[in-house]
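Here are the chains, one letter per residue:
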Amino acid sequence: MLIAIDGPAASGKGTLARRLARHFNVPHLDTGLLYRATAAGLLDKGCRLDDVERAVGIARGLALVDFNEDRLRGREMGEAASVVAAIPEVREALVKAQRRFASRPEGAVLDGRDIGTVICPDAPVKIFVTASPETRAQRRALELAGRGEKVDYAAVLEDIRKRDARDSGRATAPLKAAADAVTLDTTLLDIDAAFAAALRIVAARAPA
Ligand code: DC
């Protein structure tokens, strides 16, 4: 059971991916963490986010486990990750590890921006999770507040719009739905309803 999930920032794809992985008892990889960890590595070394050579070195050295999620999931790192993720060499450096993860015999759930288009183009199930920018900003603001960050809804909404534009507009592996992906709009859905809809998509695409 290989499930590829893509979508813009704060669309709910991570929560959905985690729940699907638990449901089908397969491992889950949040590929956004790879770009976040690469950006964090650069900032920790005092490097610029456009230092391609260092970024590639850090990306190649990532272990895909034991991320310091608390730090990586902050607002600043999401923005920095989006900048680093636009560097083609960084993306290239991360392809092999993601494909290896996806090829586990028991299957896997991966979520990101280019899973259905670039990393796992043959995945039998592809879901493109989306929601309105305002809904995503509300969710992200709640999540950040829950983590103790000071949040300003307008600033979070602006971040989301900026990130959408950068992630969709870049030349390499831009955020977009694969031609054979099913779009799941979660604007009006809570997590249980989104999960039920995702299960229906999986059942239709990969009947047991
Ligand atoms: O999903 P996220 O918000 O944690 O991702 C952070 C940034 O990383 C996102 O703005 C774009 C980039 N990213 C990407 O380009 N490709 C992926 N597969 C996952 C994330």
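Everything below is about the structure printed above this text.
Along every chain, residues carry numbers that run from 1 in the direction the sequence is written. Thresholds applied to this predicted model are a pLDDT of at least 70 for local features of residues and 80 or more for the giving and counting of side-chain atom pairs; totals over whole chains, interfaces and linings are not thresholded and use all residues. Side-chain metrics rest on all non-hydrogen atoms present in the structure, leaving aside hydrogens and water.

**Q** Looking at this model, I keep getting lost on the environment of Val109. Mind explaining?
**A** Inspection of the secondary structure puts Val109 in strand β3 (residues 108-112). Only protein chains enter the area calculation, which uses a 1.4 Å probe; residues under 20% of their type maximum are buried, those over 50% are exposed, and those in between are partly exposed. By relative accessible area, which is 0% here, Val109 ends up buried. Separated by 85 residues in the primary sequence, Val109 and Phe24 have C-alpha atoms spaced 9.2 Å apart. Contact criterion: two residues are considered in contact whenever any of their non-hydrogen atoms come within 4.5 Å of each other. Those residues within four positions of Val109 in sequence are excluded, and the remaining contacts are Ile3, Ile5, Ala17, Leu20, Ala21, Val26, Pro27, His28, Leu29 and Phe101. A run of DSSP states H or I qualifies as a helix once it reaches four residues; a run of E qualifies as a strand once it reaches two. Both are numbered from the N-terminal end.

**Q** For this particular structure, what's the right way to read the nonpolar core?
**A** The tendency in soluble globular proteins is for nonpolar side chains to be buried as a group. Nine residue types can take part in a nonpolar core, namely buried Ala, Val, Leu, Ile, Met, Phe, Trp, Tyr and Cys, and a core is a set of them joined through side-chain atoms within 4.5 Å. Val90 and Leu110 are the most contacted members of the largest nonpolar core, which totals 38 residues. Counting only elements with at least two residues in this core, the list comes to β1 (2-6), α2 (32-44), α3 (52-60), α5 (75-84), α6 (88-102), β3 and α7 (115-119). In contact with Leu110, not counting residues within four places along its chain, are Leu2, Ile3, Ala4, Ile5, Leu29, Thr31, Gln98, Phe101, Ala102, Ile115 and Ile119. With 19 residues, the next largest nonpolar core counts Leu16, Leu20, Ile127 and Leu184 among its residues.

**Q** Explain empty space enclosed by the protein to me, please; I cannot follow it from the model alone.
**A** One water molecule sets the probe size; rolling that probe over the atoms shows where empty space is left. For each structure, a 1 Å grid was placed over the protein atoms alone; sets of points admitting a 1.4 Å probe that cannot get out are labelled cavities, open sets with protein on both sides within 12 Å along at least five of seven lines are labelled pockets, and lining residues have an atom within 4 Å of a point. Grid points are joined across faces, edges and corners, and a volume is the space filled by probe spheres set on the points. A complete count under the given rule lists 1 cavity of 30 Å³ or more for this structure. Here the largest cavity is characterised by a volume of approximately 90 Å³. Taken together, Arg36, Gly74, Arg75, Gly78, Glu79, Arg140, Leu144, Val156, Asp159, Ile160 and Arg163 make up the full set of residues lining the largest cavity. Of all the secondary-structure elements, those providing two or more residues to the lining of the largest cavity are α5, α8 (133-146) and α9 (153-169). It is α9 that contributes the most residues to the lining of the largest cavity, 4 residues altogether. Looking at the lining of the largest cavity residue by residue, the classes come out as 3 nonpolar, 2 polar and 6 charged. Note on residue categories: nonpolar means Ala, Val, Leu, Ile, Met, Phe, Trp, Tyr, Cys or Pro, charged means Asp, Glu, Lys or Arg, and polar means any other residue, Gly included.

**Q** Looking at this structure, I do not really get α2. What am I missing?
**A** Since one α-helical turn is 3.6 residues long, residues separated by three or four positions face the same way. Under the 1.5 Å per step criterion, the end-to-end length of α2 is 18 Å for 13 residues, consistent within 8% with the ideal 18 Å. Taken across its 13 residues, α2 has 10 buried, putting it largely inside the fold. Buried residues of α2: Leu33, Leu34, Tyr35, Arg36, Ala37, Thr38, Ala39, Ala40, Gly41 and Leu42, and no others. Directly beyond the C-terminal end of α2, a positive phi value near 75 degrees is found at Gly46. Expected span, for any helix, means 1.5 Å times one less than how many residues it has.

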